[in-house]
Amino acid sequence: MVLEFRLDDPTPADPRRRWDTLAQEARDACYDNTRAVADSASQVAARDAASAAYRAAHPAGLDVPYGPGARNALDLYPARDAAAPCLVFVHGGYWQRGARELFACFAQGPNAAGWSVAMVGYTLAPEASLARIVAEIGAALDWLAAHGAARGIRGPLVLSGWSAGGLLTAMQLGHPAVAAGLAISGVYDLAPIRQTALDAKLGLTDGEVETLSPLRLPAVAKPLCIAYGSRELPALIHDARNLHALRAAAHAPGSLLPVPGGDHFSVLDALRRPGGILVRAAHALLEG
């Protein structure tokens, strides 16, 4: 009797492999997380309400400016121990939507686990180019390095971001203040984005595609956990896997973390519990 071993990957094929054959609507759908998740509206509404409640319960460190722009501000949720690690979280919204205030509830898990949290705001496109947005995240990190201790935050910084914030995390992993990174459900190659409706506000240039796409850049030799929901859109799953493979080939440290059952929005639920898989992943980044 001959035994046949076969390992099947249930993930749908990356639709970008046949990108040139896709109509514009199909290209747009490859990145349309809102349409792909049937209950996205209710998930977002629940998130926004929970975030408003968390901010109201923790008002002391809100709206701290780090730069001149109206959205250049941090919401700080320091731990009781100033030397505890700090999760620096960057929100998503394809660099043209969202706000730090709407993600406050995801400070709950790290705070309960004894960590500080800093939520970063940044200027949105089209007011800011993506290059400027990346620089603003760097300016926020500069501020935390210089002034965090005075605000009760002097532990190691773990930079984290979701969706558009995942790319921003990867781009600023090399910042001298960052000890490690946790990129969640990110997009890591901008070339296809440039050929979708998302580019109407972004106006990506050839230079930005080449210099702001983590998949087109050398790996930074700091720990980076790359997480994604197992029910994400295929383009996002393949971007996560490709970035991890690129880093692994360069012997850069960090794990690839599929979050079981997570869609693009529910994946962040694992940040709201101190024992959630993403909180545990943040801890693990500093243990190695």
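That block above? That's the structure.
Residues numbered from 1 in each chain as written. Predicted model: local features only at pLDDT ≥ 70, side-chain atom pairs only at ≥ 80, totals over all residues. Heavy atoms only, no water.

**Q** Which parts of the structure should I look at to understand the pairing of strand S3 (residues 86–90)?
**A** Both faces of the sheet carry side chains from a regular strand, because those side chains alternate between them. Across the five residues that make up S3, a large majority, five, are buried. Sheet topology note: the S3/strand S4 (residues 116–120) ladder contains five bridges and is parallel. Paired with Val 90 across the strands is Val 120, a residue of S4. Where S3 meets strand S5 (residues 157–162), five bridges bridge the pair, whose relative direction is parallel. If you follow Phe 89 over to S5, its bridge partner there is Ser 160. (Buried < 20%, exposed > 50% of the residue type's maximum accessible area, 1.4 Å probe, protein only. Helix = DSSP H or I, 4+ residues; strand = E, 2+ residues; numbered from the N terminus. Pairing = 2+ DSSP bridges.)

**Q** When you look at the pattern of salt bridges in this model, what are you seeing that I'm missing?
**A** Between side chains of opposite charge, a pair can form as their charged atoms come close. With the rule as written, the count across this model stands at 13 salt bridges. A salt bridge links Arg 194 to Asp 206; the shortest N-O distance between them is 2.2 Å. In this pair, Arg 194 sits in the loop between strand S6 (178–184) and helix H7 (199–202) while Asp 206 sits in helix H8 (residues 206–211), placing the two residues 12 residues apart along the sequence. By sharing partners, the salt bridges in this structure join Arg 55, Asp 63, Asp 75, Arg 100 and Glu 101 into a single network. (Salt bridge = Lys/Arg side-chain N within 4 Å of Asp/Glu carboxyl O.)

**Q** I keep staring at helix H6 (residues 164–171) and nothing clicks. Help me out?
**A** Residues that lie three or four places apart on an α-helix share one face, since the helix turns once every 3.6 residues. Summarising burial for H6: eight of the eight residues are buried, a large majority. Looking at the buried positions of H6, the neighbouring elements they touch are S3, helix H5 (130–147), S5, S6, H8 and strand S7 (224–229). (Contact = heavy atoms within 4.5 Å.)

**Q** Where do I start with the pairing of strand S8 (residues 256–259) in this structure?
**A** Burial along S8 is one-sided: the residues Leu 257 and Val 259 are buried and none of Leu 256 and Pro 258 is. Inspection of the sheet shows S7 paired to S8 by four bridges, in the parallel sense. Along S8, the bridge assignment pairs Ile 226 with Leu 256. Read as a crossover between parallel neighbours, the route from S7 over helix H9 (residues 234–249) to S8 is right-handed. (Right-handed = clockwise from strand over helix to strand, strands pointing away.)

**Q** What exactly am I supposed to notice about the environment of Arg 27 here?
**A** For Arg 27, the location among the structural elements is in helix H1 (residues 24–29). Under the relative-accessibility criterion, Arg 27 is labelled buried at 12%. Note: C-alpha distance between Arg 27 and Ile 193 (166 residues apart in sequence) is 8.8 Å. Once residues lying within four places of it in the same chain are set aside, the contact partners of Arg 27 are Trp 19, Asp 20, Leu 22, Gln 195 and Thr 196. Within the local environment of Arg 27, its side chain forms a polar contact with the backbone oxygen of Trp 19, the two atoms lying 3.0 Å apart. (Polar contact = N/O pair within 3.5 Å; in protein donor to acceptor, adjacent residues only side chain to side chain.)

That's the geometry; what it means functionally is another story.
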